Amino acid sequence: MNANPIVLSIPIFAVLIILEVIIQWINNRKLYRLNDAVTNISCGITQQVSGVFLKLFGIGVYQLVFEHFAIWQIQSNWYTLIILFVATDFAYYWAHRMSHEINLFWSGHVVHHQSEDYNLSVALRQSSFQVVWTFAFYLPLAVIGFNTVDFALMAALTTLYQFWIHTELIGKLGFLEYILVTPSHHRVHHGRNPKYIDKNHGGAFIWWDMLFGTYQKEEERPTYGVTKPVNSWNPVWANFANFQIMGHEMKQIPRFTDKIRYLFYKPGWLPKELGGYQPAPSIDKATYKKYETKTPKTLNGYVLYQFLATLGFTTWFLFNQADLEILPKAIAASFILITTITSGGLFELKSWVWWTEKARLSIVLLIGLYLGFVLGVGIWVPIAAVSYFLISIVWLLIAQKQNTDD
């Protein structure tokens with residue numbers, strides 16, 4: 001059973017996202033696009049699933065440092081937990097800030113900023129690799145003597161706090177704007193307007209930005225996204241797209257020392273012979289258009305069905321992965337990731353996606369039959385597998401024919 005507060009909060013996330021969708025309809029606003037929202041949450045799915053295998057980073061290393069290098073053993077009580085929460089948020093500020101100011105680290109964080117919408121689903125759009133670059137910022141807390149369980153809890157609470165601030169439905173909040181990170185502050189953080197770039201890095205408290213010179217109040221409505229849009233609904237590719245950009249730019253840099261500088265200098269830096277630092281371009285709101293693809297309603301419904309099924313299976317997987325052997329764990333994780341890839345491919349109407357999706361459905365059917373009739377896990381498994389396959393394949397064939405006819 002997974003006791004991770006973030007995993008335990010999945011039902012709450014779902015309810016709040018549904019509530020925000022309902023409110024946008026009532027207020028006749030366009031805050032959500034199906035393809036963007038599914039991709040956002042699918043990035044969260046890939047992050048949580050890959051995190052099962054990357055847990056050595058972060059918590060694993062933190063525990064090793066705590067065991068071997070802790071100066072004190074700080075007891076857990078109400079006031080030490082408050083101190084730890086503030087200290088964790090302070091460490092988060094610097095980890096987050098460096099994720100914007102160091103090119104290599106930005107490639108681990110950029111996923112969270114790729115969406116050109118701003119709603120609660122964006123909060124779940126997380127990078128699978130960010131922990132690799134940021135876990136070290138929290139290790140001083142282990143050296144001080146805050147135990148791993150308390151740290152994991154406070155780090156999760158810092159993350160959970162940030163869910164509600166990803167919304168345009170809440171305006172400015174008076175005096176709280178000087179204490180907490182609010183939706184207004186975080187809208188600025190997600191803006192790609194030059195004046196908003198690299199501002200408001202705090203997790204729970206905005207005073208870090210005010211103290212260290214990275215604060216910017218919300219003025220004009222931000223334009224969301226990144227200066228080099230990913231232009232894809234593939235959540236796995238979203239994690240690699242910026243590395244491709246970096247690889248292309250590094251090939252153009254002649255000197256090895258400049259290649260190293262490129263990795264650790266601010267995003268946009270290039271040597272003088274390649275034009276020098278490239279600041280964020282200004283935005284012409286009259287001509288700016290979000291990345292969009294047009295797909296038939298039948299296909300959108302199919303992708304939504306697969307997404308909801310995958311979300312349900314992912315929730316089961318995250319709650320039970322600790323009890324699984326490595327092989328079934330890897331198989332389950334692979335199918336989750338493949339499904340998110342094919343869903344993105346369907347939104348983009350990729351030529352390869354039709355046969356890939358049919359193959360995926362067939363394999364799910366075979367696995368269900370094997371589990372039920374060979375391993376004897378229960379008759380409900382093959383029944384569910386057959387039902388899922390029949391509904392999916394008929395729906396997919398109808399959507400494919402409709403797309404061909406169009």
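What this report covers is the structure whose coordinates are included nearby. In this text, all values refer to a predicted model and were calculated from it rather than measured experimentally.

## Some points on the pattern of salt bridges
So, point 1. Under the counting rule described, the total for this entry stands at 16 salt bridges.
So, point 2. Residue E168 pairs with R221 through a salt bridge whose shortest N-O separation is 3.0 Å. Highlighted residues: E168 in the loop between helix 10 (148-161) and helix 11 (183-190) and R221 in the loop between helix 12 (207-212) and helix 13 (235-238), separated in sequence by 53 residues.
So, point 3. The class of E168 is buried, set by a relative accessible area of 12%.
So, point 4. Residue E249 pairs with K228 through a salt bridge whose shortest N-O separation is 2.8 Å. One end of the pair, E249, is in helix 14 (residues 241-252); the other, K228, is in the loop between helix 12 and helix 13, with 21 residues separating them in the sequence.

## Remarks on the nonpolar core
So, point 1. Ranked by size, the top nonpolar core spans 41 residues in total, and within it I17, Y32, F163, Y302, F317, L346 and L361 carry the most contacts.
So, point 2. Residue assignment for this core shows that the elements contributing at least two residues are helix 1 (5-8), helix 2 (10-26), helix 3 (34-53), helix 7 (120-123), helix 16 (297-320), helix 17 (326-347), helix 18 (353-373) and helix 19 (380-405).
So, point 3. Discounting residues that sit within four places of it in the chain, I17 has contacts with Y32, I41, L120, S121, L124 and F163.
So, point 4. V65, L139, M154 and A204 belong to the second-largest nonpolar core, a separate cluster that totals 25 residues.

## Comments concerning the environment of I12
So, point 1. By the element assignment, I12 lies in helix 2.
So, point 2. Along the sequence, I12 and R261 sit 249 residues apart, while their C-alpha atoms lie 43 Å from each other.

## Digging into the packing of aromatic side chains
So, point 1. Counting across every chain of the model gives 23 aromatic pairs.
So, point 2. Ring geometry for Y161 and W164: centres 5.8 Å apart, planes at 85 degrees, overall edge-to-face.
So, point 3. Look at W164 and you get partly exposed, because its relative accessible area is 30%.
So, point 4. Between the aromatic rings of W207 and W208, the centroid separation amounts to 5.8 Å while the plane-to-plane angle is 85 degrees, which identifies the pairing as edge-to-face.

## A closer look at unusual backbone geometry
Negative phi characterises most residues that are not glycine, and trans characterises most peptide bonds.
So, point 1. Residue N200 is not a glycine yet carries a positive backbone phi of 55 degrees.
So, point 2. Positionally, N200 belongs in the loop between helix 11 and helix 12.
So, point 3. Although it is not a glycine, N231 adopts a positive phi angle of roughly 50 degrees.
So, point 4. Tracing the backbone shows N231 in the loop between helix 12 and helix 13.

## Digging into a nonpolar patch on the surface
So, point 1. A cluster of nonpolar residues, Y370, F373, V374, L375, V377, I379, W380 and I383, forms a patch on the protein surface that exposes about 900 Å² of accessible area.
So, point 2. Within the secondary structure, I383 is located in helix 19.

## Regarding the packing of helix 16 against helix 18
So, point 1. Where helix 16 contacts helix 18, the two axes come as close as 14 Å, and the packing angle between them is 35 degrees. For the element pair helix 16 and helix 18, the recorded crossing hand is left-handed. Here L299, Y302 and Q306 of helix 16 come into contact with helix 18, specifically with W354, E357, R360 and L361.

## So, the environment of G171
So, point 1. Positionally, G171 belongs in the loop between helix 10 and helix 11.
So, point 2. For G171, a relative accessible area of 39% corresponds to the partly exposed category.
So, point 3. When the C-alpha positions of G171 and H185 are compared, they lie 10.0 Å apart, and in sequence the two are 14 residues distant.
So, point 4. Setting aside residues no more than four positions away along its own chain, G171 makes contact with E177 and R187.

Rules used throughout
Residues numbered from 1 in each chain as written. Predicted model: local features only at pLDDT ≥ 70, side-chain atom pairs only at ≥ 80, totals over all residues. Heavy atoms only, no water. Salt bridge = Lys/Arg side-chain N within 4 Å of Asp/Glu carboxyl O. Helix = DSSP H or I, 4+ residues; strand = E, 2+ residues; numbered from the N terminus. Buried < 20%, exposed > 50% of the residue type's maximum accessible area, 1.4 Å probe, protein only. Core = buried A, V, L, I, M, F, W, Y, C linked by side-chain atoms within 4.5 Å. Contact = heavy atoms within 4.5 Å. Phe/Tyr/Trp six-rings, centres within 6.5 Å; stacked < 30°, edge-to-face > 60°. Patch = residues over 30% accessible without salt bridge, like charges linked within 9 Å, V, L, I, M, F, W, Y side chains within 5 Å. Areas by Shrake-Rupley, 256 points an atom, 1.4 Å probe, with all protein chains shown as cover. Axes fitted to C-alpha atoms, helices over the stretch in contact; angles between N-to-C directions. Left-handed = near helix turned anticlockwise from the far one by under 90°.

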